[in-house]
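Structure at a glance
Okay, here's what each chain looks like letter by letter:
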Amino acid sequence: MGRFVVPLALFAAWWAATASGAIKSYQLASPRDVVRELFDLAQTGLLWRDLGASIERVALGFTIALTLALIVGSLVGGSRLAERALDPTLQAIRAVPSLAWVPLILLWLGIGETAKITLVAIGAFFPIYVALVSGIRGVDRKLVEVGTIFGLSRIALITRVLVPATLPQLLVGARIGLTQAWLFLVAAELLAATNGLGFLLTDGQQTSRTDEILVAILLFAACGKLSETGMRWLEKRLVGWTDTVPV
Amino acid sequence: MSVRRRTSGTESPAARIRGLRKAFGERLVFDGLDLDVARGERVAVLGASGCGKSTLLRCIAGLERSDAGTIATAGEIGVMFQEPRLFPWLDVACNVGFPARDDAERARVPSVLALVGLAHAARRLPKELSGGMAQRAALARALVRDPHLLLLDEPFAALDALRRIELRAAVHEILTLTRASAILVTHDVDDALAIADRVIVLAGSPAEVAFTGNVGETATRSAILDALGVIENGGHARVRGRT
């Protein structure tokens, strides 16, 4: 019960401030306006267009990031040679705040879908990559020995020991990666978009419609929360065997 | 050049080691060690910490590459370590069945679980087991391929006194039942006397067999302690040369 106190108080303050006229609607829309705007957008179909466009970009960018992180992470985690060749460069790239790549990406890829999806993929890639490499490095050598004693082939050792042992870390990385994907989506859509939740934000700003901005913010929050919950559910289902407190 | 091979035929011993040489960098652990374990024989290997007991076992198990000499073992090997080393993502039955290569070996899982007294815990995850139960599961896993030779590396060391006695009795019973040969590496004279037919003591650097004797004959408690360099003093043992 206690955890609802602060949100309810904030909501009441919001409602009171806007209903009394203490805050003007061009500064902050009232809860009623926000709900009405949400219904209007849903009725005209714009809501589904923007929501769909954003979800599609996150899904595509995240899938690309996951695929690349699995390939590169397995290489770097599994081979010292690949680690020496690739890891320093990747760590250097990681040190650059990813949004700093935006101008270059826009120059190279224009302002179309490819640029947005690329940006989302960059954001999601590094958390997954880092988690996978440290997961592979951290596999208990003693468990690998058990596989060796029973004469497991290299492939069997990977599928039966290394993959399950790495999975908990990988899933944590994927969860953080997905959160990052949403973050980078906002940046991508704020820069240049004709649809998507980020477009709702810019559109609301340009037309001084705080109700539209708040709808977009609420939808971002809902999408972020839903994907986080989904990933946690997946972790519970797949790696419930871990003997640690979930982070 | 080192040679490892599996021999067959009823005449060959369970394990035959000839001229084993193993070094870690500058440190020579073995330089020409010989050891035979007969079919059905249970040998306990004792020695001070770091004398090479575990290295010997790891060489036989194929976890360490020897630098020279031959290690020949007859048939299947089962290994049990100081820690259970169960796969945390598999339940007990799947852990025990992990080494199984065919349906016949998989079909042995329920019987080996019953043998170690874990039939009721088949669906539990390792995180739900006590230390003693986990070690029993590890024993069952070592048995699932019906090994001719069991390698036991300090299997009771991490257990409290009561669990230790229980598991020791269980191992003894199972070895008698399966008639498997065993090499037990331990630092505990009581473990050795409870399980082994023959006790050998490794000492020196490089390590050599400093003592060998059959339990019930020359391998008495005091003879073993003497070979280990321990003086018994009114029930309190201390290492010779230390005060």
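Look a little higher up for the structure.
These lines cover the structure that appears in this document, whether it is placed above or below. Each residue is numbered by its place in its chain's sequence as written, counting from 1. Chains carry letters from A onward and ligands carry numbers from 1 onward, assigned in written order. Given that this is a predicted model, residues contribute local features only at a pLDDT of at least 70 and side-chain atom pairs are listed and counted only at 80 or more, while totals for whole chains, interfaces and linings are drawn from all residues.

1. Brief notes about the sheet that holds strand β10 (residues 208-214) of chain B
All names here are of chain B. Applied cut-off: By this definition, two strands are paired if DSSP reports at least two bridges between them. Labels follow the DSSP assignment, with helices taken as runs of H or I lasting at least four residues and strands as runs of E lasting at least two, numbered in each case from the N terminus. Think of each axis as a best-fit line through the C-alpha atoms, taken over the contacting stretch in the case of a helix, with angles from 0 to 180 degrees between the N-to-C directions. Contact between two residues is assigned whenever their backbone-derived C-beta positions fall within 7 Å.
Read from one edge of the open sheet, six strands run β6-β7-β8-β4-β9-β10, paired in mixed fashion. Looking along the sheet, the strands with just one partner apiece sit at the ends: β6 (77-80) and β10. Across the sheet, the mean angle separating the axes of adjacent strands is 15° when strand polarity is ignored. In this sheet, strand β9 (residues 198-203) lies alongside strand β4 (residues 42-47) in parallel orientation, the contact comprising five bridges. Residue leucine 46 lies in a different strand from β9, and its bridge partner there is valine 201. Where helix α5 (residues 131-143) meets the sheet, its contacts fall on β6 and β7 (149-153), and the angle it forms with β6 comes to roughly 170°.

2. Some words on the pairing of β10 of chain B
Across six bridges, β9 of chain B lies against β10 of chain B in antiparallel orientation. Of the residues in β10 of chain B, the one forming a bridge with alanine 203 of chain B is glutamate 208 of chain B.

3. Digging into helix α9 (residues 197-206) of chain A
Residue and element names in this part refer to chain A. For the record, the criterion: Exposure in this text rests on C-beta crowding, where 20 or more other C-beta atoms within 10 Å of a residue's own make it buried, 12 or fewer make it exposed, and counts in between make it partly exposed. The C-beta atoms are placed from the backbone.
Restricting attention to buried positions, one finds in α9 the residues Leu197, Gly198, Phe199, Leu200, Leu201 and Gly204. Against the buried residues of α9 lie α3 (46-78), α8 (154-191) and α10 (210-239). Directly beyond the C-terminal end of α9, a positive phi value near 55° is found at serine 208.

4. Let's talk about the nonpolar core
To keep things clear, this is the line we draw: One nonpolar core equals one set of buried Ala, Val, Leu, Ile, Met, Phe, Trp, Tyr and Cys residues connected by C-beta atoms within 7 Å.
Formed by 75 residues in total, the largest nonpolar core has its most connected members in Val45, Ala140, Leu151, Ile183 and Leu184 of chain B. Take this core: its biggest share by element is eight residues, from α5 of chain B. Leave out the neighbours within four places in its chain, and leucine 184 of chain B touches Arg42, Ala44, Val45, Leu152, Asp191, Ala192, Ile195 and Ala196 of chain B. If you look at the next biggest cluster of nonpolar residues, it comprises 29 residues, including Leu66, Ile117, Leu170 and Trp182 of chain A.

5. Describing the interface of chain B and chain A
Short version of the rule: Classification convention: Asp, Glu, Lys, Arg as charged; Ala, Val, Leu, Ile, Met, Phe, Trp, Tyr, Cys, Pro as nonpolar; all other residues, Gly among them, as polar.
The partner chain A presents eleven residues to the twelve residues of chain B that form the contact. For the side of chain B that touches chain A, the per-class residue count stands at eight nonpolar, one polar and three charged.

6. So, helix α2 (residues 31-44) of chain A
Residue and element names in this part refer to chain A. The line we're drawing: Any helix carries an expected span of 1.5 Å times its number of residues minus one. Directions from the helix axis toward the C-beta atoms define the arc.
The end-to-end C-alpha distance of α2 is 20 Å, a good match for the 20 Å that 14 residues give at a rise of 1.5 Å each. What α2 keeps buried is the set Val34, Glu37 and Leu41. Seen from one end, α2 has its buried residues packed into an arc of 60°, which puts them on one side. Facing away from the buried side of α2, by more than 90 degrees, are the exposed residues Arg32, Phe39 and Gln43. At the exit of α2 stands glycine 45, carrying a positive phi of roughly 90°.

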